[in-house]
Amino acid sequence: MEYFIQLFLGGLTRGSIYALIALGYTMVYGIIELINFAHGEIYTIGAFTALITASVLTLYGFNEISILILASLVAVIYSSAYGFTIEKIAYKPLRHAPRLSPLISAIGMSVFLQNYVLLAQTSDFLPFPGLVPEFQFMKKYEHIFSSTELMIFLTTSVVMIILTLVIKFTKIGKAMRATAQDRKMAMLVGVDVNRIVSITFIIGSALAAIGGVLIASHIGQINFYIGFIAGIKAFTAAVLGGIGSIPGAVLGGFILGWTESFATGYVSSDYEDVFAFALLVLILIFRPAGILGKSKAQKV
Amino acid sequence: MRKLSEIKKSFLASIWFMFLTFPIMVIRVNPIEKVVEWRWRNMVFVGVGSFILSFVWRYMIRQKESGLKKNRADDRHKTPFIQRVREERRLFIPLIAVLSVLGVSFPFIFSAYQVNIMTTALMYVVLGLGLNIVVGLAGLLDLGYVAFYAVGAYTYGLLNHHFGLGFWAVLPAGAFMGALFGILLGFPVLRLRGDYLAIVTLGFGEIIRLVLENWNDFSFGPSGIANIDRPSFFGAQLSLQNATVYIYFLMIAIALFTVFVVNRLQNSRIGRAWVALREDEIACEAMGIDKTKTKLSAFALGATWAGMMGVLFAAKTTFINPASFTFLESAIILSIVVLGGMGSITGVIIGAFVLILLPEYLRAFSEYRMLLFGAILVIMMVFRPQGIISNVRRTYKFAGINISGEQSK
Amino acid sequence: MKSTVIRLFLSLAVILSIIIAISCTKLQSRSIRVGVAGAHSGDLASYGLPTLKAAELVVKDINAKGGILGRKVELLVEDDVCKPEVATNIASKLLSNEVHVVLGHICSGATKAALGIYKESKIITMSPSATNPQLTQSGNYPNFFRTIASDDAQAKLEVDFALDILKLKKIAVLHDKGDYGKGLAEFAKEFLDKSGRAEVVLYEGITPGAVDYSAVIQKIKNSEAEAVIYGGYHPEASKLVMLMRKKKMDTVFISDDGVKDMTFIKVAGEYAEGVYATGPKDVSKNPLAIAAADAHKKAYGSDPGAFFLNAYAATQALLNAIEKAGSTDYKAVTNALRTEYVDTPLGKIRFDERGDAIGVGFSMYQVKNGEYAEVK
């Protein structure tokens, strides 16, 4: 039983990580129907910026808490700026292009950013400081669930709730939903679509940066390639939950995390990814729009 | 006055990029030694570079927009250059003549390396044309095409290793295995559309690779299969130099064969059915086209070429392991199709040459190679989103009757 | 119409002449050309770039002293991204550029693919990092040499250490599913099974780059293994060790020379304490090794990466053999490689008939106080 709980908690951590990144995918997809392959690289950039900021601050003798806050803040600001710029350069001119062109542009952007980080920084793995402080009350449970893991889980939950509320109740949220439903109509009723798309990219990138900081302090090291694999997995999670749906992305993340964790625990980690993808195929066969996705009525 | 605002815009862009690249480009930390290195010189480069580039960027965007307007205005009078080449015999025949002379003499003028990469480019032409059936014609986004490539390669690798079967015997078998796996993938995903299909195909491609990587007894795992025979020439084994040339000509023959078949396929009943399915599934079914059969045939026929190329790939490199069949490979083949122009055979051919030869010639820039490759993909898409050669829709005209109703799209 | 024809032919002519120009750039014919092939971009770049830097440093040194045999040494650098098909392409490219010897490739798979081509053209190839046993043991590649021990030798050492010195009974064998790691793990498992003295309670591959390894860690814990033998590189190893220690597990961790790297200790920090890793015989006191690392720090501002010393030694061995042979003739150089000892950061080495380095001994290390100390 203890083994089961441990695997469950491990899956929870992994799932939270996927979910945090998947939220960005799902938001962008919901609005402009683009698989933003460069999203994983935003996460890398977030982690790198945080590492750089943290190192510089340590040098100037800041204390731990202020380093955590400042580093996360800088990471969020920079990732958002990158997300914003990428959209303006690589996707906005393609708003009216054939459907697959932005996808290729996204793949190109992903390759570009990966190599940009590689060239400007380093190809080696860099140790990432454990930015999250160890909570006193967690001391007893440290061997099953660490403070960082708790932090990751809490952040994901809080972010999901805030995001859902924002989209449901605020003006921007309404505009986002309107844009997602019908871009032309939204424009006609006075929604500044370009602004909404930019905001979506900024929010999505900020989430990726938070994910980057938390995961990096959990794993303890980063390099320029971390975003690619995490990105693909997160995208899988987003589709699993029903792409375009925010609770769906989180649910998809958790399901994927648990699948991998249990597959590793009870079968073999050789095939953990095979299990993950096989599950995806199975779910999509029975629910072609993902678990929480609404299958759109076809317009004839 | 306009000049001034232009300069202001560029100035702001340059400030923005200096801000953007500041932490990554300027600061380099060594967290182990606790040293921070400030590289202010990079900031100057970024500033000046983005100042100049933003002028170029805006100029090109303006060019593109005015080009679009002009195109719309005199759409009917100007057919695209490539199409004109194809229609005018006076251009077409000399062009073909020059290309075939060039093709035949190529291995005798250039070094083995040049011949090698040309063979690789030709292989990607065929792969692109195969994927074009699935993506370009039938409109099914496939991100796991490389799986069939792997299936073909391992078919030859394993049959050759265990039973010593030769290249020619396995070539059709590879094609068949490709088709079989195409159908295998096709069945579960029939109901999916759009990007759901994309992620499932991506998963399928990964599953195949992971199985090859983990199932040691079957596939020899990550250490791969070495010493695979090169294609024999009427039973004789050739030296390395001759084999390179031989595979090159073989590849030219296969590429021509593919172009021929795909061209015929496109204009056949089933080809029309694919296009119809891409345009409107419901209308297509209403016209009495069997959706299941049409989709499966697209998957199967697309995968056939990948299977065949897999066999050739194994024969050319004489060594295979799962590392050659990653998602990035699928992405590159897809880029060929989209960059060249979806659904256009000439486009895909040009796309393959550009995308495969470009990184090779970019080797001169060594470490900046992949950076440039990514940038070029983005720039190409931004300024030519419809691909190098956009697929011209078949239009029928009645002579003498003035058609005034504009075709939508 | 006419202008279109002309334009078409003109552009064709331009393209053609560019291709010819590129392909015909003749290199300085008098220099000694060393091809450096390996992954210089992509996810495995961190294993290929240190080799390139090592080669650059050695060559800079030698050229500053006037080259060898009165000729300058020139490096031809090619990136194979560790992919077999790219490796064959660049192998033929290096041949077209008439290289004399090749330093590379980095990954065993790419090496195997390219070796067939080098062999036919009688080009000596020396890898600092390709450890697949078949490369030397199959006897298929007489032109191949390496400055690193093969997987089975390392696995044997690890298993013997675990059985004879640590006297362990239950062992988990893990690998990173890669060519190197999995090959090593298979040998380790085989040796353990054969010995009959210990039980392999777990045999698993982990996915490199995965965001989290807690599940595997729990599995190790659940299997009650006393030790983990891990085949793979340091990034995954440090993640595993850190997670294990954070979960308060004191399982012994034994690994290979992909882990015996200072980066491992620096990344894993305090958690690295007590980890065992096999590696080339202690070279930390070797003045040449210290000098090489210092030169790297001076030139690139950072500590050298993976296989740096192996690559440094390989470059020196190659150039030394050419000097001793007095020419770049295949037979003479091979002979020199097999007979002449050369002083390198790895110690005094020469090569045996199969191409493995003699003098590159292996020993077991343990992390103590943030440094690898040889276990005697």
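Conventions and cut-offs
Residues numbered from 1 in each chain as written. Chains lettered and ligands numbered in written order. Predicted model: local features only at pLDDT ≥ 70, side-chain atom pairs only at ≥ 80, totals over all residues. Helix = DSSP H or I, 4+ residues; strand = E, 2+ residues; numbered from the N terminus. Buried ≥ 20, exposed ≤ 12 C-beta atoms within 10 Å, placed from the backbone. Contact = placed C-beta atoms within 7 Å. Rg over C-alpha atoms; globule rule 2.2 N^0.38 Å. Nonpolar A, V, L, I, M, F, W, Y, C, P; charged D, E, K, R; others polar. Pairing = 2+ DSSP bridges. Core = buried A, V, L, I, M, F, W, Y, C linked by C-beta atoms within 7 Å. Expected span 1.5 Å × (residues − 1). Axes fitted to C-alpha atoms, helices over the stretch in contact; angles between N-to-C directions. Left-handed = near helix turned anticlockwise from the far one by under 90°. Right-handed = clockwise from strand over helix to strand, strands pointing away. pLDDT = per-residue confidence, 0-100. Parallel < 35°, antiparallel > 145°, perpendicular 65-115°, else oblique.

1. Considering the overall build of chain B
A tally of regular secondary structure across chain B gives 16 helices and two strands. Sorting the 409 residues of chain B into buried and exposed places 44% on the buried side. A sequence separation of at least 24 residues applies to 76% of the contacts in chain B between residues at least 6 apart.

2. Details of the overall build of chain A
Within chain A, the secondary structure is distributed over eleven helices and two strands. The secondary structure elements of chain A, listed N-terminal to C-terminal, are α-α-α-α-β-α-α-α-α-β-α-α-α. For 300 residues, the compact-globule estimate of 2.2 N^0.38 gives 19 Å, and the C-alpha radius of gyration of chain A, at 19 Å, lies within 12% of that figure. Once the C-alpha set of chain A is aligned to its principal axes, its extents read approximately 60 × 50 × 35 Å. The 300 residues of chain A split such that 61% are buried. A separation of at least 24 residues holds for 77% of the contacts in chain A among residues at least 6 apart in sequence.

3. As for the interface of chain A and chain C
Every contact between the two is made by 33 residues of chain A and, on the other side, 31 residues of chain C. Tallying contributions element by element places helix 1 (residues 2-32) of chain A first for the side of chain A that touches chain C, with seven residues. Split by residue class, the side of chain A that touches chain C holds twelve nonpolar, 14 polar and seven charged.

4. Concerning the environment of Glu64 of chain A
With respect to the helices and strands, the residue Glu64 of chain A is situated in helix 3 (residues 64-91). A C-alpha to C-alpha distance of 9.9 Å links Glu64 of chain A and Gly130 of chain A, two positions 66 residues apart in sequence.

5. Topic: the interface of chain A and chain B
How big an interface is tends to be reported as the loss of accessible area on association of its parts. Facing 53 residues of chain A, the contacting portion of chain B comprises 44 residues. Contributions of two or more residues to the side of chain A that touches chain B are made by helix 2 (39-59), helix 3, helix 4 (101-120), strand 1 (126-127), helix 9 (226-241) and helix 11 (272-286) of chain A. No other element matches helix 4 of chain A, which puts 13 residues into the side of chain A that touches chain B. Of the residues assigned to the side of chain A that touches chain B, the class counts are 41 nonpolar, ten polar and two charged.

6. Concerning unusual backbone geometry
Residues and elements named next belong to chain C. With an omega of -10 degrees, the peptide bond between Gly104 and His105 qualifies as cis. By the element assignment, His105 lies in the loop between strand 3 (101-103) and helix 4 (108-120). Positioned with a positive phi, Lys122 is a non-glycine residue whose angle comes to about 55 degrees. Checked against the element boundaries, Lys122 lands in the loop between helix 4 and strand 4 (124-127). Residue Lys122 is classed as partly exposed on the basis of its 13 C-beta neighbours within 10 Å. A positive phi angle is found at Lys167, which is not glycine, with a value near 55 degrees. Mapped onto the elements, Lys167 comes out in the loop between helix 6 (151-165) and strand 6 (170-175).

7. Brief notes about the sheet that holds strand 13 (residues 357-358) of chain C
Residue and element names in this part refer to chain C. Spatial ordering of the open sheet is given by 11-12-13, a layout of three strands whose pairing is antiparallel. Each of the sheet's edge strands pairs with one partner strand only, and the pair in question is strand 11 (342-344) and strand 13. Two elements, strand 11 and strand 12 (residues 347-351), share three bridges in a ladder whose sense is antiparallel. Counted as the bridge partner of Val342 is Ile349 from strand 12.

8. Some details on the environment of Asp61 of chain C
By secondary structure assignment, the location of Asp61 of chain C is in helix 2 (residues 45-64). The spacing of Asp61 of chain C and Ala295 of chain C is 234 residues in sequence and 10.0 Å in space, taken between C-alpha atoms.

9. Observations regarding the nonpolar core
Leu51 of chain A together with Tyr149 of chain B are the most contacted members of the largest nonpolar core, which totals 349 residues. Among the elements that take part in this core, helix 5 (residues 112-137) of chain B stands out by supplying 18 residues, more than any other.

10. Some details on helix 9 of chain A
Residues and elements named next belong to chain A. The first and last C-alpha atoms of helix 9 sit 23 Å apart over 16 residues, in line with the 22 Å expected at 1.5 Å per residue. With 14 of 16 residues buried, helix 9 is to be regarded as a mostly interior element. Trailing helix 9 by a residue or two, Gly242 shows a phi angle of about 105 degrees, which is positive.

11. Details of the sheet that holds strand 9 (residues 252-255) of chain C
One key point about sheets: their strands pair by backbone hydrogen bonds, in either a parallel or an antiparallel sense. All names here are of chain C. An order of 7-6-8-9-10-14-15 is seen for the seven strands of this open sheet, with the pairing classed as mixed. Each of the sheet's edge strands pairs with one partner strand only, and the pair in question is strand 7 (199-205) and strand 15 (371-374). Strand-to-strand, the axes of this sheet are offset by a mean angle of 30 degrees, without reference to chain direction. Along the sheet, helix 7 (residues 179-195) contacts strand 6, strand 7 and strand 8 (227-231); its crossing angle with strand 6, the most-contacted strand, is approximately 160 degrees.

12. Brief notes about the packing of helix 7 (residues 167-186) of chain B against helix 13 (residues 291-317) of chain B
Packing of helix 7 of chain B against helix 13 of chain B leaves a shortest axis separation of 6 Å and a crossing angle of 145 degrees. When you trace helix 7 of chain B past helix 13 of chain B, the crossing you get is right-handed.

13. Brief notes about the pairing of strand 7 of chain C
Residue and element names in this part refer to chain C. Of the pairings in the sheet, the one linking strand 6 to strand 7 comprises six bridges and is parallel in character. Directly across from Val173, in strand 7, lies its bridge partner Tyr203. Regarding topology, helix 7 serves as the crossover connection from strand 6 to the parallel strand 7, and that connection is right-handed.

14. Observations concerning the confidence of the model for chain A
Of all residues in chain A, 98% attain a pLDDT of 70 or more, and the chain-wide mean is 86. For chain A, per-element mean pLDDT is lowest for strand 1 of chain A, which scores 82, and highest for helix 3 of chain A, which scores 91.

15. Concerning the environment of Gly144 of chain B
All names here are of chain B. By the element assignment, Gly144 lies in the loop between helix 5 and helix 6 (146-163). Remark: the alpha-carbon pair of Gly144 and Ala283, spanning 139 residues in sequence, is separated by 28 Å. Ignoring anything within four residues of it in the chain, the contact list for Gly144 reads Thr201, Leu202, Phe204, Gly205 and Ser330.

16. Regarding the packing of helix 10 (residues 246-267) of chain A against helix 11 of chain A
Residue and element names in this part refer to chain A. One way to put it is that helix 10 packs onto helix 11 with a least axis distance of 9 Å and a crossing angle of 140 degrees. One way to sum up the angle between helix 10 and helix 11 is to call them oblique. The handedness of the crossing between helix 10 and helix 11 comes out as right-handed. Taken together, the residues of helix 11 that come into contact with helix 10 (itself represented by Leu256, Thr259, Glu260, Ala263 and Thr264) are Glu272, Phe275, Ala276 and Leu279. For the contact of helix 10 with helix 11, a count of residues per class yields five nonpolar, two polar and two charged.

17. What to know about the confidence of the model for chain B
All names here are of chain B. Within chain B, residue pLDDT values average 82, and 88% of them lie at 70 or more. The element-level mean pLDDT for chain B is lowest in helix 3 (residues 81-87), coming to 64, with helix 6 highest at 92. In this model residues 405-409 is a low-confidence stretch, pLDDT under 50, and it forms zero contacts with partners more than four residues away in sequence or in other chains. Under the prediction, the complex receives an ipTM of 0.86, its pTM being 0.83.

18. Some points on helix 2 of chain A
All names here are of chain A. With 21 residues, helix 2 should cover 30 Å at 1.5 Å per step; its first-to-last C-alpha distance of 31 Å lies within 8% of that length. Most of helix 2 sits inside the fold, with 17 of its 21 residues counted as buried. Remark: Gly61 follows helix 2 within two positions and exhibits a positive phi of approximately 75 degrees.

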